[in-house]
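If you want the building blocks of each chain, they are given just below.
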Amino acid sequence: MKPRRGTVTKMNDLTQRFETMAALIDEASVLLDAQSKVVAANAKALDLLGSHIIGFPLDRFLRHPDFAEAVRAAHQEDRLTTLDYTRMDQVRRAFSLRLARFDDAHVILLLLDGTMGLSVDRIRSDFVANVSHELRSPLTALLGFIETLQDGAVEEPDSRAHFLSIMEDEATRMQRLIDDLLSLSRVEAEEHRTPDEAVALQPLFEELVSVMKRAAEKSNKTIAIDIVPELKGAELQVQGARDELRQVFENLVENAIRYGRPGSEIVLRIGVGRLAGGQMREDLLRVQVVNQGDTIAPEHLARLTERFYRIDKGRSRQMGGTGLGLAIVKHIVNRHRGRLRITSEGGETTVSVTLQRFN
Ligand SMILES: Nc1ncnc2c1ncn2[C@@H]1O[C@H](COP(=O)(O)OP(=O)(O)OP(=O)(O)O)[C@@H](O)[C@H]1O
Ligand SMILES: [Mg+2]
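Described below are features of the structure shown in this document. For every chain, the first residue of the written sequence is number 1, and numbering continues from 1 onward in sequence order. Following the order in which they are written, the chains are lettered starting with A and the ligands numbered starting with 1. It should be noted that, the model being predicted, local features are given only for residues of pLDDT at least 70 and side-chain atom pairs only at 80 or more, the latter also being counted only at that level, while totals for whole chains, interfaces and linings use all residues.

What follows concerns the overall build of the protein chain. Only DSSP runs of H or I covering at least 4 residues are called helices, and only runs of E covering at least 2 are called strands; the numbering of each starts at the N terminus. In terms of regular secondary structure, the protein chain is built from 10 helices and 12 strands. Dimensions of the protein chain, computed from C-alpha atoms along their principal axes, come out at roughly 90 × 50 × 35 Å. Three exposure classes are used. Buried residues have 20 or more other C-beta atoms within 10 Å of their own C-beta, exposed residues have 12 or fewer, and partly exposed residues fall in between, all C-beta atoms being placed from the backbone. For the protein chain, buried positions account for 27% of its 359 residues.

Here you go:
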């Protein structure tokens, strides 16, 4: 028994030293072994890279062509290495990665966020330009119709009813846009606090299906809930905020209804969580919203969670879309320290949300 206990103490010493150092530096920090496997990480790093990285090779979560070589150089040659690294989340974020030897068997990695200094102004001004543009088109339409009504159309009952109905649609669109923007900023403001209620998925989904069934039927689609055999009878609770998770799945089902092929089925599947490499993780649950429709091309796929990004602007707008739905989803999933993945193959689009199981 003795040697084992010895190893444990040594490990604790190591992580304790790392934690003290990480607390002092106050930047996203990760402790790696010589094979790039994550031994420890501070809260900032877990926020950034995901809560499931401990015990796994980091290059699975942080893809950079020179990463393995930088770890080797830091470890074997005691050489401090710096790499530039860009992540595409909701926004483009630039990081500077710094690697240095920690002890004989370990390397410390810092991720310094360069987004702040580099492009935050650019992101802000793009955002304001986008919002203004999105608000301007319904506003222009409204003003146009008001003018038409003032020019005499108000006297003709048929055209009056017609114009008023279009005006209602336009005003509703503006209202949705503003609601979505407020939602987004609320979630963003709260992003550093991880929600911790127990949320039972099955009743949540049943409620959602009953609310959205009508909309699905209108476009001739059905919605089914599917629980994988391994989880039948199990308690399907995740750690989170119920309202926010409801918003996530409402947005995803709404997209499936909107962009799916008429006559097809939408499936809400609850399964065991898996890591990027495919291994099962019993402490995670994975929910997939699957729909049939056009395959989304890879160049679009990578950008769908950007604010206002729409593959077919006209089509989305015609259906009342603002292009903020998936950006909100992404932020909420981030706040839950979960994982969001969108794949599309052979006419089937799957959005997977992996969340921490409640225990
Ligand atoms: N299931 C899907 N199948 C095909 N395309 C999709 C699917 N989900 C999303 N998209 C594409 O991704 C874009 C962005 O989706 P997102 O939900 O962010 O915005 P939206 O649906 O256009 O508007 P909003 O959700 O704000 O009402 C959509 O415009 C659409 O082009
Ligand atoms: Mg949407």
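Moving on: the site of ligand 1. Each residue gets a C-beta atom placed from its backbone. Should that atom fall within 6 Å of a molecule or strand, the residue is termed near it. Arg310, Ile311, Gly321, Gly325 and Leu326 are the nearest of the 23 residues found near ligand 1. At the level of secondary structure, the elements contributing two or more residues to the shell around ligand 1 comprise helix 7 (242–259) and helix 10 (325–335). Sorting elements by how many residues they give to the shell around ligand 1 places helix 7 first, with five residues. Here the residues of the shell around ligand 1 sort into nine nonpolar, 10 polar and four charged. Charged residues are taken to be Asp, Glu, Lys and Arg, nonpolar residues to be Ala, Val, Leu, Ile, Met, Phe, Trp, Tyr, Cys and Pro, and polar residues to be all remaining types, Gly included.

Here we take up helix 5 (residues 157–190). What a helix should span is 1.5 Å times the count of its residues minus one. Helix length check: helix 5, at 34 residues, gives a terminal C-alpha distance of 49 Å against a target of 50 Å (1.5 Å per residue), a fit within 8%. Where helix 5 is concerned, the buried positions are Arg173, Asp180 and Val187.

Another point: the packing of helix 6 (residues 201–218) against helix 7. Inter-axis angles, ranging from 0 to 180 degrees, are taken between N-to-C directions of lines fitted to C-alpha atoms, where helices are fitted over the stretch in contact. Two numbers describe how helix 6 lies on helix 7: the axes approach to 10 Å, and their chain directions differ by 35 degrees. Seen from above, helix 6 lies across helix 7 with right-handed handedness. In contact with Leu204, Phe205, Leu208, Met212, Ala215 and Ala216 of helix 6, helix 7 contributes Arg242, Leu245, Arg246, Phe249, Glu250, Val253 and Ile257. Grouping the amino acids of the contact of helix 6 with helix 7 by side-chain chemistry returns 10 nonpolar, no polar and three charged. The hand of a helix crossing depends on one turn: near helix anticlockwise from the far one by less than a right angle means left-handed, and clockwise means right-handed. Contact criterion: two residues are in contact if their C-beta atoms, reconstructed from the backbone, are within 7 Å.

Three or more residues of helix 3 (residues 67–76) are buried, namely Phe67, Ala70, Val71, Ala74 and His75. The buried side chains of helix 3 occupy one side of the element, clustering within an arc of 125 degrees when seen end-on. Among the exposed residues of helix 3, those pointing more than 90 degrees away from its buried face are Glu69 and Gln76. Just past helix 3, the residue aspartate 78 takes up positive phi, approximately 55 degrees. Arc definition: directions from the helix axis to the C-beta atoms.

For the rest of this paragraph, the subject is the sheet that holds strand 12 (residues 348–356). Here the rule is simple: two strands pair whenever DSSP picks up at least two bridges between them. Pairing in this open sheet of five strands is mixed, and the strands run 7-9-10-12-11 from one edge to the other. This sheet does not close on itself; its edge strands, each paired only once, are strand 7 (222–227) and strand 11 (339–345). Sheet twist, expressed as the mean angle between neighbouring strand axes with direction ignored, is 20 degrees. The pairing of strand 11 with strand 12 spans seven bridges and is antiparallel. Bridging across to strand 12, leucine 340 finds its partner in valine 353. Its contacts with the sheet place helix 6 against strand 7, strand 9 (265–274) and strand 10 (280–292), and it is angled at close to 165 degrees to strand 7.

Core analysis: the biggest nonpolar cluster contains 34 residues, and Val248, Phe249, Leu252, Val253, Val289, Val329 and Val353 have the highest contact counts within it. The set of elements that each furnish at least two residues to this core consists of helix 6, helix 7, strand 9, strand 10, helix 10, strand 11 and strand 12. Per-element accounting of this core gives the leading share, seven residues, to helix 7. Beyond its immediate stretch of four places on either side in the chain, leucine 252 contacts Val289, Val329 and Val351. A set of buried Ala, Val, Leu, Ile, Met, Phe, Trp, Tyr and Cys residues, joined through C-beta atoms within 7 Å, is what we mean by a nonpolar core. Among the nonpolar cores identified, the runner-up in size contains 26 residues, and Leu31, Leu32, Leu48 and Leu62 belong to it.

Leave glycine aside and you will find that most residues have negative phi; peptide bonds, for their part, are mostly trans. The phi dihedral of aspartate 26 is positive, around 55 degrees, even though this residue is not glycine. Considering the arrangement of structural elements, one finds aspartate 26 in the loop between helix 1 (2–25) and strand 1 (28–33).

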